[in-house]
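If you want the building blocks of each chain, they are given just below.
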Amino acid sequence: VQLQACGGGLVQAGGSLGLSCAASGGTFSSYGMNWFRQAPGKEREFVAGISRGGGNTYYVDSVKGRFTISRDNAKNTVYLQMNSLKPEDTAVYYCAGIFTYTDYVLTNYASMNYWGKGTQVTVSS
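Each value, and the rule that gives it
Residues numbered from 1 in each chain as written. Predicted model: local features only at pLDDT ≥ 70, side-chain atom pairs only at ≥ 80, totals over all residues. Heavy atoms only, no water. Helix = DSSP H or I, 4+ residues; strand = E, 2+ residues; numbered from the N terminus. Buried < 20%, exposed > 50% of the residue type's maximum accessible area, 1.4 Å probe, protein only. Disulfide = S-S within 2.5 Å. Pairing = 2+ DSSP bridges. Axes fitted to C-alpha atoms, helices over the stretch in contact; angles between N-to-C directions.

Participant: Looking at this structure, how should I read unusual backbone geometry?
Facilitator: Peptide bonds are trans in most cases, and residues, glycine excluded, mostly fall at negative phi. One non-glycine residue with positive phi stands out, namely N76, at about 55 degrees. Take N76: it is sitting in the loop between β7 (67-72) and β8 (77-82). Positive phi values are uncommon outside glycine, yet S84 reaches one of about 50 degrees. Here S84 shows up in the loop between β8 and β9 (91-99). Residue class for S84 comes out partly exposed when judged on its relative accessible area of 41%.

Participant: What am I meant to see in the state of the cysteines here?
Facilitator: Here, disulfide denotes a covalent bond that connects the sulfur atoms of two cysteines. Summed over all chains, the structure comprises one disulfide. Between the sulfur atoms of C21 and its disulfide partner C95 the distance amounts to 2.1 Å. Torsion about the S-S bond of the C21 and C95 cystine: about 60 degrees, corresponding to right-handed handedness. A residue pair is termed long-range when its members are at least 10 positions apart, and C21 in strand β3 (residues 17-24) and C95 in strand β9 qualify at 74 residues. A relative accessible area of 0% means that C21 is categorised as buried. A relative accessible area of 0% places C95 in the buried class. With no disulfide of its own, C6 lies closest to C21 among cysteine sulfurs, the gap being 8.4 Å.

Participant: How should I be thinking about the sheet that holds β7 in this particular structure?
Facilitator: Note on sheets: strands pair through backbone hydrogen bonds, and any given pair is parallel or antiparallel. Read from one edge of the open sheet, four strands run β1-β3-β8-β7, paired in antiparallel fashion. A single partner strand is all that each edge strand has here, and the edge strands are β1 (2-6) and β7. Here the strands of the sheet are splayed against their neighbours by 15 degrees on average, with no regard to which way each runs. By the bridge criterion, six bridges tie β3 to β8 in an arrangement that is antiparallel. When the bridges of β8 are listed, S20 appears paired with Y79.

Structure representation (structure tokens):
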């Protein structure tokens, strides 16, 4: 499975950006999907996850109410809509997929099967 993330860019604080991650080469609906991010000098952290069927989502506390993860299994794509962006959201954002038979959100970094190349999000103050 190959994942290709896009949609990053430069935005002012309070603005919005939408990321997308397109999958190819596998059965997309068999994978729970997640977004992680890594800021300079920091470890990669979980941001948001969605179950394989799309019925369950989970967010890190710092983005709850501002970010929304969604997926379209017909288009093999997962999305991350980011609103009310803050400078501390600046990071490289990565999508990742984990094969699963369940409809739980699986967020363990070390368990991800596939990673996309990151896309830079920069929020200016």
